[in-house]
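# Understanding the architecture of this molecule
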Amino acid sequence: MSTQPLPRRAHLITPEGEQALKDEHDFLWRTERPRVTQQVSDAAKLGDRSENAEYIYGKKRLRQIDSRLRFLRKRLEQVTVVERRPDNPQKVYFGAWIVLEDEDGALHRYRIVGEDEIDLPRGYISVDAPLARGLLGKSVGDDVSVRLPKGEVEYYIESVNYDVPDWDPGRQTQSRWVED
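Attention here is on the structure that accompanies the text. Source: prediction; values computed, not measured.

## Focus on the pattern of salt bridges
In total, this model carries 13 salt bridges according to the counting rule given. With its nearest N and O atoms 3.5 Å apart, the salt bridge here joins aspartate 128 to arginine 133. Taking the relative accessible area as the measure of exposure, arginine 133 reaches 39% and is therefore partly exposed. In this structure, glutamate 152 and arginine 147 form a salt bridge, with 3.7 Å as the shortest nitrogen-oxygen distance. For arginine 147, a relative accessible area of 64% gives the class exposed. Here the residues in one salt-bridge network are Glu32, Arg35 and Arg61, joined through shared partners.

This is the structure:
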C-alpha cells in the first residue's frame, strides 16, 4: 500500500453545478421529505410498527433523505463557485469546454467541472482528473502530452470555449458566467 497522501482536491463548482445542488436540496426538503413523512405517519396509524414494512421502509427512507440534506448543506458551504470567465478565453481553465484531437485524428470533447458535476456520458470531467490537470493553462493550438492511467497520451487542443457549445448534450442549460 502506498504511503503517499492523496492529492489536494479542488472544491470548485460551476454556477450550473451549484444550482443543481440547490435544486436537489430544495426538492428533497420541500417535496420528497414531506411526502415520505406523510407516508410514515399514515403507516404508523395502521398499528404494530415492528412488522409494518411501509413504516420501517419509510423511516429508513427519511434517514437517507436527512443524510443527503446534511451532505448537500455542508457541500454548498465548502465549494467555491467559479462565476467569472477567465481573462484569456483561449486558455484551458475551470469550466471550459474543450475539443481535443488525439494522435489518430479522433476528436474528444470535454468540459472541466467540479467533482459534484462529473458526468462522463456528457464528457464532464473533474478538474482533479489527470487529463484536466494536464490541460489546465494550455492554449488553443498547443500540443499537449498528458500522463493518464493508460500511459502518456498526446493531444492537440482544437478549441476552448466558455459558452455552451452546440455539441454539449446538455445544451438546454445556458452558462451562467457573471459578465463584467
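Here the narrative resumes.
## Some remarks on the sheet that holds strand β5 (residues 124–126)
Spatially, five strands are ordered β5-β4-β3-β7-β6 in an open sheet, and the strand pairing comes out mixed. Taken across any chain shown, the strands that pair with only one partner, and hence form the sheet edges, are β5 and β6 (143–148). Recorded for the sheet is a direction-independent mean angle of 45° between the axes of neighbouring strands. Pairing between strand β3 (residues 97–102) and strand β7 (residues 151–161): six bridges, direction antiparallel. Along β7, the bridge assignment pairs aspartate 102 with tyrosine 155.

## Details of helix α1 (residues 15–44)
For α1, built from 30 residues, the straight-helix expectation of 44 Å at 1.5 Å per residue is met to within 8% by its first-to-last C-alpha distance of 42 Å. Approximately 40° is the largest bend angle found in α1, and it occurs at leucine 28. Residues of α1 that are buried: Pro15, Glu16, Gly17, Leu21, His25, Leu28, Glu32, Val36, Val40, Ala43 and Ala44.

## Quick word on the packing of aromatic side chains
Tallying each qualifying case throughout the model produces zero aromatic pairs. The ring of tryptophan 97 has arginine 111 lying over it, and the distance from NZ or CZ to the ring centre is 3.7 Å. Over the ring of tyrosine 124 we find arginine 122, and its NZ or CZ is 4.2 Å from the ring centre.

## Some thoughts on a positive patch on the surface
On the surface, Arg49, Lys59, Lys60 and Arg63 cluster together into a patch of positive charge. Turning to its location among the elements, lysine 59 is positioned in helix α2 (residues 53–78).

## Concerning the environment of glycine 134
Looking at where glycine 134 falls in the secondary structure, it is placed in helix α3 (residues 130–135). Counting along the chain gives eleven residues from glycine 134 to serine 145, while the straight-line C-alpha distance between them is 7.5 Å. Apart from residues no more than four positions distant in its own chain, glycine 134 is found in contact with Val144 and Val146.

The rules behind each value
Residues numbered from 1 in each chain as written. Predicted model: local features only at pLDDT ≥ 70, side-chain atom pairs only at ≥ 80, totals over all residues. Heavy atoms only, no water. Salt bridge = Lys/Arg side-chain N within 4 Å of Asp/Glu carboxyl O. Buried < 20%, exposed > 50% of the residue type's maximum accessible area, 1.4 Å probe, protein only. Pairing = 2+ DSSP bridges. Helix = DSSP H or I, 4+ residues; strand = E, 2+ residues; numbered from the N terminus. Axes fitted to C-alpha atoms, helices over the stretch in contact; angles between N-to-C directions. Expected span 1.5 Å × (residues − 1). Bend = angle between axes of the 7 residues up to and from the residue. Phe/Tyr/Trp six-rings, centres within 6.5 Å; stacked < 30°, edge-to-face > 60°. Lys NZ or Arg CZ within 6 Å of the ring centre and 35° of its normal. Patch = residues over 30% accessible without salt bridge, like charges linked within 9 Å, V, L, I, M, F, W, Y side chains within 5 Å. Areas by Shrake-Rupley, 256 points an atom, 1.4 Å probe, with all protein chains shown as cover. Lys, Arg positive; Asp, Glu negative; His and termini not counted. Charge placed at Lys NZ, Arg CZ, Asp CG, Glu CD. Contact = heavy atoms within 4.5 Å.

The analysis is restricted to geometry; functional conclusions fall outside its scope.
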